[in-house]
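Chain by chain, the residues:
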Amino acid sequence: MTISKYEARAHVVFDNDGTMINSEGKFLRNLTTILPKYLDRHVTFDEVVEKYIPDWIQLLKNFDVKDPQESFIKEIIDDIIELNEDYIPDLFPGIKELISSLHQLNIATYVWTGRDQKSAHTLFKSHDMMHLFHDMQFMDTATPKPHPDGLHKMLHDVDKSKIVLIGDSIVDLNGAKDFDIP
């Protein structure tokens, strides 16, 4: 990194899955594999697509789990992580070049993702992108999205008028809104 976050002209926070990488289809297919174990019934891809929302509690409620507990969610996530252990999704075309261009303009970049730290680091290392981010927060290093804890950990001392979040879901939108950034 060539600039500190305090010298940056602006700050751009990127969501990961669905924004920088094309992983949604694989994730939805993984849910059709994992959820039957926890719901004790068959789950179709069409049902997952219909009920999917990138918020674990609401997602499970959509599948009629009355009060999904954190430990229950963690078990499902651990199974999905295991399924994805060797999977490296492709970047969307132009994303690496975009982030590199932002650096040339003295704009600091960050990652705020619902992905776990280990798989995100593996992903960014495989695409030679670790050096492009000033900071990253993951579902296992901060309170998961949409809670703005990860944004606060990275940017609590930065002028919010100089921060923008780029994401692809209502969860990203709500987290940005709760942190009072666009």
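Residue positions are given per chain, counting from 1 as you read along its sequence in written order. Totals for whole chains, interfaces and linings use every residue, but because this is a predicted model, local features are given only for residues with pLDDT of at least 70 and side-chain atom pairs only at 80 or more, for both listing and counting. Excluded from the side-chain calculation are hydrogens and water; included are all heavy atoms of the structure.

So, the overall build of the protein
Phase 1 of the analysis: Helix numbering and strand numbering both begin at the N terminus, where a helix is a DSSP run of H or I of at least 4 residues and a strand a DSSP run of E of at least 2. Within the protein, the secondary structure is distributed over 8 helices and 4 strands.
Phase 2 of the analysis: Along the protein, from the amino end to the carboxyl end, the secondary structure elements read β-α-α-α-α-α-β-α-β-α-β-α.
Phase 3 of the analysis: The C-alpha atoms of the protein give 17 Å as radius of gyration, which agrees with the globular expectation for 182 residues (16 Å, within 12%).
Phase 4 of the analysis: Judged by the C-alpha coordinates and their principal axes, the protein covers about 55 × 30 × 25 Å.
Phase 5 of the analysis: Classification of the 182 residues of the protein by burial places 45% in the buried group.
Phase 6 of the analysis: Restricting the contact set of the protein to residue pairs at least 6 apart, pairs at least 24 apart contribute 71%.
Phase 7 of the analysis: Residue exposure ignores everything except the shown protein chains as possible cover, and the areas themselves are Shrake-Rupley values with a 1.4 Å probe. Counting only carbon and sulfur atoms, one obtains 51% of the accessible surface of the protein, whose full area is about 9,700 Å².
Phase 8 of the analysis: This count recognises Lys and Arg as positive and Asp and Glu as negative, with His and chain-terminal groups excluded. For this purpose, a charge sits on NZ of Lys, CZ of Arg, CG of Asp or CD of Glu. Distance between charge centroids for the protein: 2 Å, based on 19 positive and 31 negative side chains. Radius of gyration here uses only the C-alpha atoms, and the compact-globule reference equals 2.2 Å multiplied by the residue count raised to the power 0.38. Using a 1.4 Å probe on the protein chains alone, a residue whose accessible area is under 20% of its type maximum counts as buried, one over 50% counts as exposed, and one in between counts as partly exposed. Residue contacts are defined here by distance: any two heavy atoms, one from each residue, within 4.5 Å place the two residues in contact.

Focus on the pairing of strand E2 (residues 107-112)
Phase 1 of the analysis: Of all 6 residues in E2, 6 are buried, a share of seventy percent or more.
Phase 2 of the analysis: Criterion used throughout: strands pair if DSSP finds at least two bridges between them. For E2 and strand E3 (residues 135-137), the ladder comprises 3 bridges, and the chain directions are parallel. Bridging across to E3, Tyr110 finds its partner in Asp135.
Phase 3 of the analysis: In terms of handedness, the path from E2 via helix H6 (residues 117-126) over to E3 forms a crossover that is right-handed. With strands facing away from the observer, any crossover in which the path from the first strand over the helix to the second runs clockwise is taken as right-handed.

Digging into the pattern of salt bridges
Phase 1 of the analysis: Here, a salt bridge means any side-chain nitrogen of Lys or Arg that lies within 4 Å of a carboxyl oxygen of Asp or Glu. Overall, the coordinates contain 10 salt bridges when judged by the stated rule.
Phase 2 of the analysis: For Lys5, the salt bridge goes to Asp157, with nearest N and O atoms at 3.1 Å. Taken together, the positions of Lys5 in the segment before strand E1 (10-14) and Asp157 in the loop between helix H7 (149-155) and strand E4 (163-166) put the pair 152 residues apart, joining distant regions of the chain.
Phase 3 of the analysis: Using a relative accessible area of 34% as the deciding quantity, one classes Asp157 as partly exposed.
Phase 4 of the analysis: With a closest N to O distance of 4.0 Å, Asp128 and Lys96 form a salt bridge. One end of the pair, Asp128, is in the loop between H6 and E3; the other, Lys96, is in helix H5 (residues 95-104), with 32 residues separating them in the sequence.

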